[in-house]
Amino acid sequence: MKAFRPFPLLIAAVMIVQSAAPVAAQEATAGAATVRIEYLPLSGPPLLLYRNARQALADGNAERAIADLREAIRQRPDAGELRLALVEALLAAGRDGEAREAALLAATDPDVDAETRRQLAAEAAAIEEEPVAATPDPAIEAYQSADAAYRAYERGDFSAAVALAERALERAPDNGDYQSLFENAVAARDAEIAREAAEEQTAEDAAAASEATIDPELDDDAIRLLAERAAAIREGRAQEEADEDAGEIAAEDAQDAPLSTDDPAYKAADTAYRAFERGQYAQAVAAAEEAVRLAPRIDDYRTLLDNARTALAEERARQAAAAEEAKAAEPAPPEPTGEPGLDAEAIRRLSARAAGIRQERDGQTEPATESPVAAAAEAPPAETLPATEDPAYKAADAAYRAYEQGEYRKAVINAGDAVRLAPDNDDYRALLDNAEKALAEMKAKTAAASPAARAAEKAYAALRRDDPQAALGPAWQAARHAPDNRSYQVLLVDVLNRNGDREDALRVVDAAIARFGPNRTLLSQRGVIRQALGDQTGALADFQQALALPGETADETDLRLNLAAAAMATDAPETAYQALMPLGDSPDAAVWLARAKALTAMETFTAAATALEQAERLAKGERQQADVAIAGLDLLMAEGESRRARTGLHAAAEDGVLAPIGPTETAYLAARLGDRALAYDAFSEAYQAGSLDGNQLIDAAYAARRDYHNEDAVSWLKQAIDEVDAGRLSLSPEGLFGLRREVSDISRRWGANIGLFYGSTGISDGYITPPASAGRSMQLGSEIFWRPPVIGYRDGRTVDLFVRQFTTVYDSLGGAVGLSTMQGAAGVRVKPFTNLNLALEAARYFKVGRYSRDDTLVRAAISDGFNTDLMPGSDAWWTGWYYGEAGRYFDSDEDFALANASLGRSFSLNDDGTLIVTPYIGIAADYNDTYATEFALGAGPGINLRYWFRQTTYEAPMSHIDINGQYRARLGGDDRARGWFASLNLMI
């Protein structure tokens, strides 16, 4: 445990605990105060956790719900629905005692709204309290004694605190917190005794004693540690103490808590806060007294009253001192008496500083820089103080410097040293008094600060520590308590954006712009957020509007660079270049780099190269040098030198030039330049380092697919789907379905197709059936295919090995049917292109039935369409498709071709969209050189009913069954083009 000084530390902790601000938020702006309470609805991670918890409860998983709700409450402790849901979940888990304690704790939490607190108090009272054992638990008794000791310490009864803390230690001797409480109570009691004795000593001894008890260098971390320990003790009491009357007390507290703006106590406290911030302390005291009278249990109102009384007393003391000094002032005060070891000039300068500080503290509008003595004397030189070796002078000089810089704690230390070394010097004593008063006022102002100001300071402190997660809660509190304070809204937007909560950040900044009007800072923030969300057009509009508004000149370069980036993203390089022109001959490499990119996109390659040379000359640091190198590679690509660009990319990667951008950016660069292997390797490195998430996982998966690493592609796509399901990645239903379809396509290793077809030329795509006979026939066909490893699927290119059969089951011309017509075939089918659905097939047909044949078939088929797959989120949509093929049977010397195309309107018939009906109009043609009339063309209406199935969390449906019917009228050629055509097809 970290060692710390007990007495001053515990005093500081008590000051911190007692300075807690009321829930009512107040902000003074432009001479007028605004008080407003605004509850922000759940959003972001807390909302997602709440929904997950609700679903877990519905699924009977109460423990999961409890875990999610506790985390949500940690992030949004003010949300009443979270507290109620936690009690419900605990009850569902059979943990009634914990449910009652959670309800009691929330019912006394001033951050929760009054109505919810009353509801929670009622629930706590309704829950049957668990029976208490006849023999008290030593741990509970120890805690009760420690809690009583802590409360005794808070009210200043240190002797009682010692006795109670000692009793707690007797029951729990190994508890370090109780030991620390005991030691601090003993120290406080001894210090109190010492102070009482010191009051009876001489004024000189009292001053020395006071100096000994002041600890200007109090360790802030130690103060925070003890404050957290005190909070932990109080929280422990709410969770461990089983007080059978607690429900009634909680209900009373909930009724007393003035969280409503209509509550008389709240109104009185609001008036007191407003008066305090205006400096009208007498009015603040009167209003705070009324608030305490109406709500005596609200500690915040008592703190407000104490602060107002202290401020009023100090104000009256200052007024009295100023009046007395003015009365005693003489036209020409005597020169100060010299101290041994100080020259006259040093004495005069120190006296002037002391007089200036006194005048400043007595209410002058401008800080005085010279005393009356200095004014009467010759003007001093502007140089620094005269050199002297006198220790008192050195300490006083350091104290003055610290005071002038607002470092009052340091000023107190140095002034105390000066007084100790030169106790007869009145100026040093005045300096010490002023420094102590300034330090006390600074602490009082901090204690009396509004809840919004305190929360904002916590958020700023967390950002200074580079801990945006810790800043999130305080930033929400500051914005909620002071919704009319623009700077707090700006702070909240910044914190949300740093935490990646960009949807919430966008909502907050939209509301802020609507409330405060267009503002350069807010518009710039929204532009940055829109850029991150992919809304480059909206970002460009925000940056342009912000640039047209007045603002800090120092921000203009960044604003113009952001505008140029958004313009480049919207394919407007001319706009980007125009935005950068006013920056002239800038010494900033980023400006020249942005110009080079814009000129490259404008295909002004010579000027782009010149701008790149300037950027390279001005580049500072390895990162900017890497950015310049990347822009040079992009310039090569734009000039059509793709091979040189990839060569340069490899050289830059091997030389370490790209090291500053990291593996993720290297992967995107390689993908842009067409280097599939380097893109996959860089994405893999980033994944191993744990730096891939969200859309980066999707991009990495596609890079792996392009480099034929199918297992990694599937793994990363599944992780992206998990992130969507967990709420960490936002995708449209269509986008999520696209990922699942990719997984199913890459993962497919085999398939089967079984179909029953009726017609002359059929209406299928001819995938497994040969051309029909000249009459009407019905054929049954089936195929099983297998995709071998490594070569089976390569970035959308496939290789299938298949066996198939087809049998004629009906022939209108009276030909053979049944097993005697069964035809066998085996072959290979290749799809050689990624983005073109062209299939090439070679098959050997062999006899199975008596009327089948041996032959060799070669054919090519092409097909495509739009909206032919499932359409999540849509109830109806237009769809169209076409299919065509041509082939030759070499042994039979037979050539054939067929084609069809359709356009229809699809309708989803069930909730998950897997049952689809599509009325359509279609046209079909076929050619066969063995027929008397080789060509036939027909068209007509049809209807298709399709049901998709065999899907998983990660895979889109991989199978479907089709029922298809169409009537065609002959448009030309043979009469076989007209009549009814139908099919029943199962694809597995």
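Rules behind the numbers
Residues numbered from 1 in each chain as written. Predicted model: local features only at pLDDT ≥ 70, side-chain atom pairs only at ≥ 80, totals over all residues. Heavy atoms only, no water. Helix = DSSP H or I, 4+ residues; strand = E, 2+ residues; numbered from the N terminus. Buried < 20%, exposed > 50% of the residue type's maximum accessible area, 1.4 Å probe, protein only. Contact = heavy atoms within 4.5 Å. Areas by Shrake-Rupley, 256 points an atom, 1.4 Å probe, with all protein chains shown as cover. Axes fitted to C-alpha atoms, helices over the stretch in contact; angles between N-to-C directions. Parallel < 35°, antiparallel > 145°, perpendicular 65-115°, else oblique. Left-handed = near helix turned anticlockwise from the far one by under 90°. Nonpolar A, V, L, I, M, F, W, Y, C, P; charged D, E, K, R; others polar. Pairing = 2+ DSSP bridges. Core = buried A, V, L, I, M, F, W, Y, C linked by side-chain atoms within 4.5 Å. Polar contact = N/O pair within 3.5 Å; in protein donor to acceptor, adjacent residues only side chain to side chain. Expected span 1.5 Å × (residues − 1). Patch = residues over 30% accessible without salt bridge, like charges linked within 9 Å, V, L, I, M, F, W, Y side chains within 5 Å. Salt bridge = Lys/Arg side-chain N within 4 Å of Asp/Glu carboxyl O. Phe/Tyr/Trp six-rings, centres within 6.5 Å; stacked < 30°, edge-to-face > 60°. Lys NZ or Arg CZ within 6 Å of the ring centre and 35° of its normal.

The name given to the chain in an unreviewed UniProt entry is Bacteriophage N4 adsorption protein A C-terminal domain-containing protein, with Martelella lutilitoris as the source organism.

A.B. asks: Give a detailed account of the overall build of the chain, specifying residues and quantitative values.
C.D. replies: Helix and strand content of the chain: 37 helices and 15 strands. Each of the 988 residues in the chain was classed as buried or not, and the buried ones make up 45%. Taking as baseline every contact in the chain between residues at least 6 positions apart, the subset at least 24 positions apart corresponds to 60%. Accessible surface for the chain amounts to roughly 48700 Å². Of this, 53% is attributable to carbon and sulfur atoms.

A.B. asks: Before we move on, could you go through the packing of helix H34 (residues 676–688) against helix H36 (residues 710–725) and cite the residues and values that matter?
C.D. replies: Where H34 contacts H36, the two axes come as close as 13 Å, and the packing angle between them is 50°. As far as their axial angle goes, H36 and H34 are oblique. Like other packed secondary-structure pairs, H34 and H36 cross with a definite hand, here left-handed. Contacts from Tyr-680, Phe-683, Ser-684 and Tyr-687 in H34 reach Asp-712, Trp-716 and Gln-719 in H36. The residue makeup of the contact of H34 with H36, split by class, is four nonpolar, two polar and one charged.

A.B. asks: Any details on the pairing of strand S11 (residues 894–908)? Residues and values, ideally.
C.D. replies: Direction of pairing for strand S10 (residues 876–889) relative to S11: antiparallel, over a ladder of 14 bridges. From the neighbouring strand, Tyr-883 faces S11, where its bridge partner is Asn-900. Following S10, the chain reverses through four residues before pairing antiparallel with S11; Asp-893 in that reversal takes a positive phi of roughly 55°. Hairpin connection of S11 to strand S12 (residues 915–928): six residues between the antiparallel strands, including Gly-913 at a positive phi of 75°.

A.B. asks: Go over the nonpolar core with me, naming the residues and quoting the values.
C.D. replies: Ranked by size, the top nonpolar core spans 47 residues in total, and within it Leu-491, Leu-492, Val-495, Leu-496 and Val-509 carry the most contacts. Looking at this core element by element, the count peaks at seven residues for helix H23 (residues 486–498). The contact partners of Leu-492, leaving out residues within four places of it in the chain, are Ala-475, Trp-476, Ala-479 and Val-508. Membership of the second largest hydrophobic core comes to 37 residues, among which are Ala-682, Phe-683, Leu-692 and Val-743.

A.B. asks: Describe in detail the side chain of Thr-914, supporting the description with residues and values.
C.D. replies: Position of Thr-914 among the secondary structure elements: in the loop between S11 and S12. A relative accessible area of 3% means that Thr-914 is categorised as buried. A distance of 2.8 Å separates polar atoms of two side chains, one belonging to Thr-914 and the other to Asn-910.

A.B. asks: Explain helix H26 (residues 536–547) residue by residue, including any values.
C.D. replies: Taking 1.5 Å per residue as the helical rise, H26 with its 12 residues ought to reach 16 Å, and the 16 Å between its terminal C-alpha atoms agrees with that figure. Taken together, the buried positions of H26 are Gly-538, Ala-539, Leu-540, Asp-542, Phe-543 and Ala-546. Where H26 is buried, its residues contact helix H25 (520–533) and helix H27 (556–569).

A.B. asks: Tell me about the pairing of strand S9 (residues 855–866), and name the residues and values.
C.D. replies: Two elements, strand S8 (residues 838–847) and S9, share eight bridges in a ladder whose sense is antiparallel. Across the sheet, residue Leu-840 finds its bridge partner in S9, namely Ala-860. Summarising the sheet, S9 and S10 pair through 10 bridges and their orientation is antiparallel. Across the sheet, residue Asp-864 finds its bridge partner in S10, namely Tyr-882.

A.B. asks: Report on a nonpolar patch on the surface, specifying residues and quantitative values.
C.D. replies: On the surface, Phe-907, Leu-909, Leu-945, Tyr-947, Ile-961, Ile-963 and Leu-984 cluster together into a nonpolar patch covering about 580 Å² of accessible area. In this fold, Leu-984 is placed in strand S15 (residues 979–987).

A.B. asks: Before we move on, could you go through the packing of aromatic side chains and cite the residues and values that matter?
C.D. replies: Taken as a whole, this structure holds 11 aromatic pairs when the rule is applied. Between Tyr-687 and Trp-716 the ring centres are 5.4 Å apart and the planes differ by 55°, which places this aromatic pair in the tilted class. Remark: Trp-716 occurs in helix H36 and Tyr-687 occurs in helix H34; sequence separation between them is 29 residues. What links up through ring pairs into an aromatic cluster is the set Phe-806, Tyr-845, Tyr-889 and Phe-896. Here the guanidinium or amino end of Arg-595 rests over the ring plane of Trp-592, the centre of that ring lying 4.7 Å away. The cationic tip of Arg-968 hangs over the ring face of Phe-981; the distance from NZ or CZ to the ring centre is 4.0 Å.

A.B. asks: Mind laying out H25, listing which residues take part and the relevant values?
C.D. replies: Counted at 1.5 Å a residue, the expected span for H25 with its 14 residues is 20 Å, and the 20 Å between its end C-alpha atoms agrees. Counted residue by residue, H25 has 10 buried out of 14 residues, so it is predominantly covered. Buried-residue contacts for H25 involve H23, helix H24 (502–516), H26 and H27. If you check the start of H25, you find a side-chain oxygen 2.9 Å away from the backbone N of Thr-521, and it comes from Asn-519. Taken from the residues just after H25, Gly-534 is the one with a positive phi, measuring 90°.

A.B. asks: Any chance you could break down the environment of Arg-740 for me, citing the residues and the numbers?
C.D. replies: As for its position among the elements, Arg-740 is in helix H37 (residues 733–747). For Arg-740 and Gln-951, which are 211 residues apart along the polypeptide, the C-alpha to C-alpha distance reads 9.1 Å. A distance of 2.9 Å separates a polar side-chain atom of Arg-740 from the backbone oxygen of Glu-955.

A.B. asks: So what's going on with unusual backbone geometry? Residues and values would help.
C.D. replies: The backbone of Asp-795 shows a phi angle near 55°, a positive value even though the residue is not glycine. Its place among the elements puts Asp-795 in the loop between strand S5 (793–794) and strand S6 (797–811). Residue classification places Asp-795 among the buried residues on the basis of a relative accessible area of 7%. Even without a glycine there, the phi angle at Asn-867 is positive, about 55°. Looking at the element boundaries, Asn-867 is found in the loop between S9 and S10.

A.B. asks: Before we move on, could you go through the packing of helix H35 (residues 695–706) against H36 and cite the residues and values that matter?
C.D. replies: Axes are the key here: two packed helices are described by the angle between their axes and the distance separating the axes. Here H35 crosses H36 at 165°, and the two axes come no closer than 8 Å. On the basis of their axis angle, the class for H35 and H36 is roughly antiparallel. Every pair of crossing elements has a handedness; the one defined by H35 and H36 is left-handed. Contact residues: Leu-697, Ile-698, Ala-700, Ala-701, Ala-704 and Arg-705 in H35; Asp-712, Ala-713, Trp-716, Leu-717, Gln-719, Ala-720 and Glu-723 in H36. For the contact of H35 with H36, the per-class residue count stands at nine nonpolar, one polar and three charged.

A.B. asks: Describe in detail the pattern of salt bridges, supporting the description with residues and values.
C.D. replies: Using the criterion set out here, one finds 41 salt bridges in the structure. With a shortest N-O distance of 2.9 Å, Glu-457 and Arg-464 are connected by a salt bridge. Taking the shortest distance from any N to any O, the salt bridge between Arg-530 and Asp-542 comes out at 3.0 Å. Here Arg-530 is found in helix H25, whereas its partner Asp-542 is found in helix H26, with 12 residues between them in sequence. Note on accessibility: Arg-530 and Asp-542 belong to one class, buried.

A.B. asks: Could you give an account of the environment of Glu-503, with specific residues and numbers?
C.D. replies: Within the secondary structure layout, Glu-503 lies in helix H24. What makes Glu-503 partly exposed here is its relative accessible area of 41%. In sequence terms Glu-503 and Arg-530 are 27 residues apart; their C-alpha atoms lie 9.4 Å from each other.

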